[in-house]
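As a plain string of letters, each chain reads:
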Amino acid sequence: MEMAIVMARDVGMDWIIHLDTDELLYPGGAAEYSVRRSLAEVPRDADMVIFPNYESSVERHNIKDPFSENTPIRRSRRPRSISWRRTFVNQCIKVRRLAKKRRCLAILCLPIRVAGRSSTLYSELNVLVSMFKKNYDHLHKDTYFGMNKEATRGNPNYFLTYGNGKSAARIQDHLCPNGALRWHNYAKSPNEIKLEEAAVLHYTYTKFSDLTFRRDRCGCKPTIEDVKRCFMLDFDRAAFIIASTASEEEMRRWYNERVVWNDKQLNLKLLRKGMLTRIYTPIVRNNAGAQKLIVTSQ
């Protein structure tokens with residue numbers, strides 16, 4: 001991270017933020033849906049900006065790609081005698097009619113041609129990873145404390161993993177990292193503010209394979225005392241132990257009980273109260289990027 005600060009300064013960057021591969025920046029409240037716009041509106045005397053984190057609340061147990069995966073309803077065939085454009089237009093009409101009938105969001109993907117080969121995507125409905133648990137910084141305290149037990153669902157904490165957001169820092173003299181979540185300055189106490197609408201979307205434990213991934217990267221014994229050496233968070237410790245000691249069937253049962261939000265009535269209740277929220281934008285923009293790639297490659 002120290003090298004990243006040097007590199008950012010060399011190329012004239014204004015801000016720096018550390019994000020993991022399972023996180024996205026969500027510039028809620030900003031015009032043009034722009035992180036740049038969000039940071040441009042930060043007061044000049046602010047050295048650091050906190051993006052409170054929202055945690056993914058998966059509703060399915062079989063997700064493979066949490067950033068863009070949707071439920072396939074019909075596969076696009078490779079065009080032969082007619083152009084792929086005509087095939088796609090006809091497909092658009094069918095999907096829009098179906099979406100209107102079912103009153104749900106329709107997202108269309110196009111076949112992408114790469115190096116002379118046709119890579120087939122799917123026409124899709126009903127985005128899988130679109131529900132997030134909001135950070136307590138973005139909730140009314142009565143809502144947070146009043147519904148905390150229902151939102152925690154028997155897990156150790158409100159969030160499965162971290163809950164104190166991520167910080168972006170203004171590039172300046174004496175800047176240094178303070179762990180993965182915050183920044184510091186050797187010469188002064190930084191002035192830090194918190195954004196009221198923007199957030200970091202954390203896609204945590206979105207795949208069942210995340211359980212075995214954590215198990216396979218650590219050599220700890222599956223005991224309460226030993227896992228404390230490798231994992232700071234209670235849920236990570238519990239996940240490691242269950243992945244190390246249980247059968248696959250038991251792991252899947254545990255995953256469905258602790259991670260998957262399959263109680264539709266509870267989900268609706270927490271959505272109405274504002275503790276959960278739907279965010280489709282990352283997937284919509286991801287698919288729009290695929291469409292742009294095709295248009296520019298023709």
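Relevant structure appears above.
Residues numbered from 1 in each chain as written. Predicted model: local features only at pLDDT ≥ 70, side-chain atom pairs only at ≥ 80, totals over all residues. Heavy atoms only, no water.

**Q** Could you clarify how one ought to interpret the sheet that holds strand β3 (residues 48–51) in this entry?
**A** Sheet strands pair by backbone hydrogen bonding; their relative direction is either parallel or antiparallel. Strand order in the open sheet made by the 4 strands is β1-β11-β3-β14, with mixed pairing throughout. Of all strands in the sheet, those with a lone pairing partner are β1 (15–17) and β14 (192–194), marking the two edges. The average undirected angle you get between the axes of adjacent strands in this sheet is 25°. (Pairing = 2+ DSSP bridges. Helix = DSSP H or I, 4+ residues; strand = E, 2+ residues; numbered from the N terminus. Axes fitted to C-alpha atoms, helices over the stretch in contact; angles between N-to-C directions.)

**Q** Sorry if this is basic, but what is going on with the nonpolar core here?
**A** Proteins that are soluble and globular tend to have nonpolar side chains buried together. Judged by nonpolar contacts, the single largest core of 24 residues is most densely connected at V58, L201, L211, F235, Y255 and V259. For this core, the secondary-structure elements that each account for two or more residues are β15 (199–202), α8 (234–245) and α9 (248–258). Counting residues per element, this core draws most heavily on α8, at 4 residues. Setting aside anything within four residues of it in sequence, one finds Y255 in contact with V58, H61, Y205, T206, K207, F208, L211 and V260. Residues A151, W261, L266 and L270 belong to the second largest nonpolar core, which totals 12 residues. (Core = buried A, V, L, I, M, F, W, Y, C linked by side-chain atoms within 4.5 Å. Buried < 20%, exposed > 50% of the residue type's maximum accessible area, 1.4 Å probe, protein only. Contact = heavy atoms within 4.5 Å.)

**Q** Can you help me understand the state of the cysteines in this one?
**A** Two cysteines whose sulfur atoms are joined by a covalent bond form what is called a disulfide. Throughout the structure, instances matching the rule amount to 1 disulfide. Disulfide pairing is shown between C220 and C230; the S-S distance is 2.2 Å. Judged by the sign of its S-S torsion, about 65°, the cystine formed by C220 and C230 is right-handed. Within this pair, whereas C220 is found in the loop between α6 (209–216) and α7 (224–227), its partner C230 is found in the loop between α7 and α8, the two being separated by 10 residues in sequence. Given a relative accessible area of 37%, C230 falls into the partly exposed group. (Disulfide = S-S within 2.5 Å.)

**Q** Can you help me understand the environment of N164 in this one?
**A** Following the sequence through the fold, N164 ends up in the loop between α5 (148–152) and β11 (166–170). With 17 residues separating them in the primary sequence, N164 and L181 have C-alpha atoms 8.0 Å apart. Beyond its immediate stretch of four places on either side in the chain, N164 contacts I50, N53, Y136, L181 and R182.

**Q** Can you help me understand the packing of α8 against α9 in this one?
**A** Helix-helix packing is described using two parameters, namely the angle between the two axes and the distance between the axes. In the contact formed by α8 and α9, the axes pass within 10 Å of each other and the chain directions differ by 155°. Classified by the angle between their axes, α8 and α9 sit roughly antiparallel to one another. The way α8 lies across α9 gives a crossing that is right-handed. Contacts between α8 and α9 involve F235, A238, A239, I242 and A243 on the former and, on the latter, M251, W254 and R258. In terms of residue class, the contact of α8 with α9 is built from 7 nonpolar, no polar and 1 charged. (Parallel < 35°, antiparallel > 145°, perpendicular 65-115°, else oblique. Left-handed = near helix turned anticlockwise from the far one by under 90°. Nonpolar A, V, L, I, M, F, W, Y, C, P; charged D, E, K, R; others polar.)

**Q** What is the right way to read the side chain of R182 from this model?
**A** Mapped onto the elements of the fold, R182 is located in strand β13 (residues 182–185). When its relative accessible area of 19% is taken as the criterion, R182 is described as buried. For R182, the side chain forms a polar contact with the main-chain oxygen of G165, separated by 3.3 Å. The contact partners of R182, leaving out residues within four places of it in the chain, are I50, N164, G165, K166, S167, P177 and E192. (Polar contact = N/O pair within 3.5 Å; in protein donor to acceptor, adjacent residues only side chain to side chain.)

**Q** Honestly, the packing of aromatic side chains in this entry has me stumped. Any pointers?
**A** In this description, an aromatic ring pair is defined by two values, namely the gap between the centres and the angle between the planes. Under the criterion given, the structure shown has 11 aromatic pairs. Relative to Y158, the ring of Y144 lies with its centre 5.0 Å away and its plane at 80°, an arrangement referred to as edge-to-face. Taken together, the residues Y144 in helix α4 (residues 141–146) and Y158 in the loop between α5 and β11 connect sequence positions 14 residues apart. When sorted by exposure, Y144 lands in the same class as Y158, which is buried. Grouped by ring-pair contacts, the aromatic residues Y136, Y144, F145, Y158 and F159 constitute a single cluster. For R153, the ring lying beneath its charged end belongs to W261, and the centroid distance is 4.1 Å. (Phe/Tyr/Trp six-rings, centres within 6.5 Å; stacked < 30°, edge-to-face > 60°. Lys NZ or Arg CZ within 6 Å of the ring centre and 35° of its normal.)

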